[in-house]
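Summary of the model geometry
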Amino acid sequence: EAGVAQSPRYKIIEKRQSVAFWCNPISGHATLYWYQQILGQGPKLLIQFQNNGVVDDSQLPKDRFSAERLKGVDSTLKIQPAKLEDSAVYLCASSWRGAVNTEAFFGQGTRLTVV
Amino acid sequence: AQSVAQPEDQVNVAEGNPLTVKCTYSVSGNPYLFWYVQYPNRGLQFLLKYITGDNLVKGSYGFEAEFNKSQTSFHLKKPSALVSDSALYFCAVRLYPSGAGSYQLTFGKGTKLSVIP
């Protein structure tokens, strides 16, 4: 089965510019996650969707970050305007459901560098 | 507060020797624990999970993990390390519902494993 697809793989932007990332989860997976992984740290959850609804965005910096999953399949994460501290790898993951005993499957990530 | 910790930033082991990567947790009630591996420029790959039942969990690539409730630990082990096992390893725990009612998957900071030929 195809894995989680993300694009682009790499992105370099200047601070205050905007950027968008795209994710296509594994077919049939209802739950989709966006994580931010700063160098030397573990992934931190930004937002979790169940189908096309948000179930957890408590750690999403809503003044600059937004995400949507309009048709319950693929998703986009946007940053506007970007700051230097947003430099990180943005990982998308999906799982069959968001239940406590289900593992998540990750894409290769998008490495964002803000200069 | 509920959390997961990996006390070692780096673990070095000789090829052929057994390896252990440590993980401890702090949660209320029963924990749901996971191990992931990350190779350079790759996403995280699921290795194994503990939900309930047998304390010794077997996973991919010959890895296993031992759940110890009294020590609140979930250490990752392999009897004989390979050079190709060199990677970044993350322990994760499913936390009880946040205010939004989801089971958040929270990761430790990771342990870099280096297997020396």
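This one's a predicted model, so the numbers in the text were calculated from it and none came from an experiment. (Residues numbered from 1 in each chain as written. Chains lettered and ligands numbered in written order. Predicted model: local features only at pLDDT ≥ 70, side-chain atom pairs only at ≥ 80, totals over all residues. Heavy atoms only, no water.)

1. Digging into the pairing of strand E11 (residues 110-114) of chain A
All names here are of chain A. The criterion, for reference: Each residue gets one of three labels from its accessible area relative to the maximum for its type: buried under 20%, exposed over 50%, partly exposed in between, using a 1.4 Å probe on protein chains only. Numbering of helices and strands runs from the N terminus, with a helix taken as a DSSP run of H or I at least four residues long and a strand as a DSSP run of E at least two residues long. Pairs of strands are assigned from DSSP output, requiring at least two bridges between the strands.
The alternating pattern of E11 places Thr110, Leu112 and Val114 on a buried face and Arg111 and Thr113 on a face that is not buried. The pairing of strand E9 (residues 88-95) with E11 spans 3 bridges and is antiparallel. Each residue of the ladder has a partner; that of Ala88, found in E11, is Leu112.

2. As for the interface of chain A and chain B
Stated precisely, the cut-off is as follows: Contacts were defined at the residue level, with two residues in contact if any of their heavy atoms lie within 4.5 Å. A pairing counts as a salt bridge when a side-chain nitrogen of Lys or Arg comes within 4 Å of a carboxyl oxygen of Asp or Glu. Pairing of N or O atoms within 3.5 Å defines a polar contact, subject to two protein rules: one partner must be a possible hydrogen donor and the other a possible acceptor, and residues neighboring in sequence count only if both atoms are side-chain atoms.
Contact residues are listed per partner, giving 29 residues for chain A and 22 residues for chain B. Scanning the region where chain A abuts chain B turns up 1 salt bridge. Between Glu103 of chain A and Lys49 of chain B there is a salt bridge, and its shortest N-O distance comes to 2.7 Å. The interface formed by chain A and chain B includes 6 residue pairs in polar contact (both at pLDDT 80 or more).

3. Observations regarding the state of the cysteines
Filter applied, for reference: We call a pair of cysteine sulfur atoms a disulfide when they lie within 2.5 Å.
Applying the stated criterion across every chain yields a total of 2 disulfides over all chains. One disulfide bridge connects Cys23 of chain A with Cys92 of chain A, the sulfur atoms lying 1.9 Å from each other. Across the disulfide from Cys23 of chain A to Cys92 of chain A, rotation about the S-S bond amounts to roughly -70 degrees, and the bridge is consequently left-handed. Here Cys23 of chain A is found in strand E3 (residues 19-24), whereas its partner Cys92 of chain A is found in strand E9, with 69 residues between them in sequence. The pair formed by Cys23 of chain A and Cys92 of chain A is uniform in burial state, with each residue classed as buried. Paired through a disulfide, Cys23 of chain B and Cys91 of chain B show a sulfur-sulfur distance of 2.0 Å. Judged by the sign of its S-S torsion, about -65 degrees, the cystine formed by Cys23 of chain B and Cys91 of chain B is left-handed. Placement of Cys23 of chain B in the loop between strand E3 (19-21) and strand E4 (24-26) and of Cys91 of chain B in strand E10 (residues 87-94) is noted, with a sequence separation of 68 residues between them. According to the relative accessible area criterion, Cys23 of chain B is buried, its value standing at 0%. Cys91 of chain B gets classed as buried once you look at its relative accessible area, which sits at 0%.

4. A closer look at unusual backbone geometry
A cis amide bond links Ser7 of chain A to the next residue, Pro8 of chain A, at an omega of -10 degrees. Structurally, Pro8 of chain A is set in the loop between strand E1 (5-7) and strand E2 (10-13). That bond from Gln80 of chain A to Pro81 of chain A is cis: its omega, -5 degrees, falls within 30 degrees of zero. The residue Pro81 of chain A is located in the loop between strand E8 (75-79) and E9 in this model. Phi angles above zero are rare outside glycine, and Asn51 of chain A is one such case at about 55 degrees. Judged by relative accessible area, which is 40%, Asn51 of chain A ranks as partly exposed. Even without being glycine, Thr72 of chain B reaches a positive phi, approximately 45 degrees. Looking at the element boundaries, Thr72 of chain B is found in the loop between strand E8 (64-68) and strand E9 (73-78). According to the relative accessible area criterion, Thr72 of chain B is partly exposed, its value standing at 31%.

5. Comments concerning the nonpolar core
All names here are of chain B. Quick note on the threshold: The criterion is simple. A nonpolar core is a set of buried Ala, Val, Leu, Ile, Met, Phe, Trp, Tyr and Cys residues joined through side-chain atoms within 4.5 Å.
By size, the foremost hydrophobic cluster in this structure holds 27 residues, and its most contacted members are Trp35, Leu47, Leu48, Phe74, Leu76 and Tyr89. Contributing elements (two or more residues each) for this core: strand E2 (10-14), E3, strand E5 (32-38), strand E6 (44-50), E8, E9, E10 and strand E12 (111-116). Among the elements that make up this core, the one with the highest residue count is E10 (4 residues). Residues contacting Leu47, with those up to four places away along its chain left out, are Trp35, Tyr36, Val37, Gly59, Ser60, Tyr61, Phe63, Leu76 and Tyr89.

6. A look at the pattern of salt bridges
Residue and element names in this part refer to chain B. For the structure shown, the criterion picks out 7 salt bridges over all chains. As a salt-bridge pair, Lys77 and Glu66 come within 3.1 Å of each other at their nearest N and O atoms. One end of the pair, Lys77, is in strand E9; the other, Glu66, is in strand E8, and 11 residues separate them in sequence.

7. Comments concerning the layout of surface pockets
Basically, it comes down to this: For each structure, a 1 Å grid was placed over the protein atoms alone; sets of points admitting a 1.4 Å probe that cannot get out are labelled cavities, open sets with protein on both sides within 12 Å along at least five of seven lines are labelled pockets, and lining residues have an atom within 4 Å of a point. Grid points are joined across faces, edges and corners, and a volume is the space filled by probe spheres set on the points. Under the grouping applied here, Gly and all other residues not named as nonpolar or charged are polar, the nonpolar ones being Ala, Val, Leu, Ile, Met, Phe, Trp, Tyr, Cys and Pro and the charged ones Asp, Glu, Lys and Arg.
Estimated volume of the largest pocket: approximately 660 Å³. Surrounding the largest pocket, 33 residues form its lining, Gln37, Leu39 and Arg111 of chain A together with Gln38 and Leu88 of chain B being those nearest its centre. For the lining of the largest pocket, the class distribution of residues is 13 nonpolar, 14 polar and 6 charged. Of the pockets and cavities examined, the second largest pocket occupies roughly 170 Å³. For the second largest pocket, the lining is made up of 14 residues, of which Pro43, Lys44, Leu45 and Gln59 of chain A together with Thr106 of chain B are closest to its centre. Secondary-structure elements contributing two or more residues to the lining of the second largest pocket are strand E4 (31-37) and strand E5 (44-50) of chain A together with strand E11 (105-107) of chain B. Tallied by class, the residues present in the lining of the second largest pocket amount to 6 nonpolar, 7 polar and 1 charged.

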